Amino acid sequence: MQPMLQALNDLLGRIGALMEGERRFTADAAHELRTPVAAIRMQAQVALGESDDALRRQALAATVAGCDRAVRLVDQMLTLSRMESGHVPPMAPVDLAALARQVAADLAPQALARSQNLSVDAPQTPCLVQGDATLLSVMLRNLLDNAIRYSPLDGQVELRVVPDRPGVRCTVQDTGPGLDDAALARLGERFFRGLGTGESGSGLGWSIVRRVAALHGAKVTARRAEPSGGLLAEVCFPPPSRNRS
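Numbering of residues starts from 1 in each chain and follows the order in which that chain's sequence is written. With the structure being a predicted model, the display of local features is reserved for residues of pLDDT at least 70 and the display and counting of side-chain atom pairs for 80 or more, all residues being used for whole-chain, interface and lining totals. For the side-chain quantities, the full set of heavy atoms in the structure was used; hydrogens and water were omitted.

1. As for helix α4 (residues 133-150)
Now for step 1: Only DSSP runs of H or I covering at least 4 residues are called helices, and only runs of E covering at least 2 are called strands; the numbering of each starts at the N terminus. By this rule the span expected of a helix is its residue count minus one, scaled by 1.5 Å. End to end, α4 covers 26 Å across 18 residues, agreeing with the expected 26 Å (1.5 Å per residue, within 8%).
Now for step 2: The opening residue of α4 is Asp132, an N-cap whose side-chain oxygen sits 3.3 Å from the backbone nitrogen of Thr134. Side-chain atoms alone can form a polar contact between residues adjacent in sequence; in general such a contact is a pair of N or O atoms within 3.5 Å, and within protein one must be able to donate a hydrogen while the other accepts it.

Take a look at the structure:
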């Protein structure tokens, strides 16, 4: 009977963990969505009661921006929930350099809208890691999106992917305000955001980055960039043969 009892205990443990994850996700979603939904409602009410065309358009534009923020938050929370539920997709060789160029191209309009210089240093020679292309693109997009949003107008954002024997190293550097040591130590906690940034966000981006990196056996570090004082994020991938599958 002992093997059967052990199997039942393991099953009940997994079910308990899944239920706890679902409860945590529901509570987090209710907490984090309350603010953007309230803001959307307020701007919609302003638009309904405004007779001036310019002010009405401004309120409607704020409503659309609020919807975009809510959609982004939901996407991030769903991504994080899937990863925390233990769902691990099949791993295959991925050219991280090519993926980085694609993600940078996707976010280039966002940088241009802020008059920022977005540079990409990724070799044409494949930089292969064993992983899932979708999750890796999510990780790169979060790193790059944070760098763009927290860098000032006319700022500099640099994305680099280089072979780092025996693995591959990816860095994202910006010219934003950076973080102090206390904030750096908390980076990656769910819903933690540095104070004084003036930018909206959910605080989930770094949680997703760290979770994706862990699934790929990669190490994530963050420190102040020199000499700009911004943030330098670094993800070091092991050789493909050592990556987790």
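2. What to know about helix α6 (residues 205-215)
Now for step 1: Where burial is concerned, most of α6 is hidden: eight out of the 11 residues are buried.
Now for step 2: In this scheme, a residue with accessible area under 20% of its type's maximum is buried, one over 50% is exposed, and one in between is partly exposed, where area comes from a 1.4 Å probe on protein chains only. Here α6 has its buried residues at Gly205, Trp206, Ser207, Ile208, Val209, Val212, Ala213 and Leu215.
Now for step 3: Where α6 ends, the next residue or the one after it, Gly217, has phi of about 65°, a positive value.

3. Observations regarding the nonpolar core
Now for step 1: With 41 residues, the main nonpolar core has Leu96, Leu136, Met139, Leu144, Val161 and Phe237 as its most contacted residues.
Now for step 2: Looking at this core, the elements with two or more residues in it are α3 (96-113), α4, β4 (156-164), β5 (167-174), α6 and β7 (231-237).
Now for step 3: With nine residues, α4 is the single largest residue contributor to this core.
Now for step 4: Leave out the neighbours within four places in its chain, and Met139 touches Val209, Val212, Ala213, Val235 and Phe237. Put simply, buried Ala, Val, Leu, Ile, Met, Phe, Trp, Tyr and Cys residues joined by side-chain atoms within 4.5 Å make one nonpolar core. Only heavy atoms matter for contacts: two residues are in contact if any of them lie within 4.5 Å across the pair.

4. Comments concerning the environment of Thr134
Now for step 1: Structurally, Thr134 can be placed in helix α4.
Now for step 2: Distance in space between the C-alpha atoms of Thr134 and Leu99 is 9.5 Å, their sequence separation being 35 residues.

5. A word on the side chain of Gln116
Now for step 1: Here Gln116 shows up in the loop between α3 and β2 (117-121).
Now for step 2: Relative accessible area serves as the criterion here: at 7%, Gln116 is assigned to the buried category.
Now for step 3: Among the polar contacts made by the side chain of Gln116, one reaches the main-chain carbonyl oxygen of Ser151 at a distance of 3.1 Å.
Now for step 4: Those residues in contact with Gln116 that sit more than four places away from it in its chain are Ala111, Ile148, Ser151, Pro152, Asp154, Gly155 and Val157.

6. Comments concerning the sheet that holds β7
Note on sheets: strands pair through backbone hydrogen bonds, and any given pair is parallel or antiparallel.
Now for step 1: By the convention used here, strands pair only if DSSP detects at least 2 bridges between them. Read from one edge to the other, the open sheet built from five strands follows the order β2-β4-β5-β7-β6, with strand pairing classed as mixed. Looking along the sheet, the strands with just one partner apiece sit at the ends: β2 and β6 (219-224). Put simply, the sheet's adjacent strands are angled 10° from each other on average, direction ignored.
Now for step 2: Axis definition: a line fitted to C-alpha atoms, over the contacting stretch in the case of helices. Angles run 0 to 180 degrees between N-to-C directions. Strand contacts of α6: β6 and β7, with the helix running at about 140° to β6, the strand carrying the most contacts.

7. Let's talk about the pattern of salt bridges
Now for step 1: A side-chain nitrogen of Lys or Arg and a carboxyl oxygen of Asp or Glu constitute a salt bridge if their distance falls within 4 Å. Under the defined criterion, the tally for this structure stands at six salt bridges.
Now for step 2: One salt bridge connects Arg141 with Asp106, and the closest N-O pair in it is separated by 3.8 Å. With Arg141 in helix α4 and Asp106 in helix α3, this residue pair connects regions lying 35 residues apart in the sequence.
Now for step 3: With a relative accessible area of 32%, Arg141 lands in the partly exposed category.
Now for step 4: Relative accessible area serves as the criterion here: at 42%, Asp106 is assigned to the partly exposed category.

Interpretation in functional terms is not warranted from these geometric data alone.
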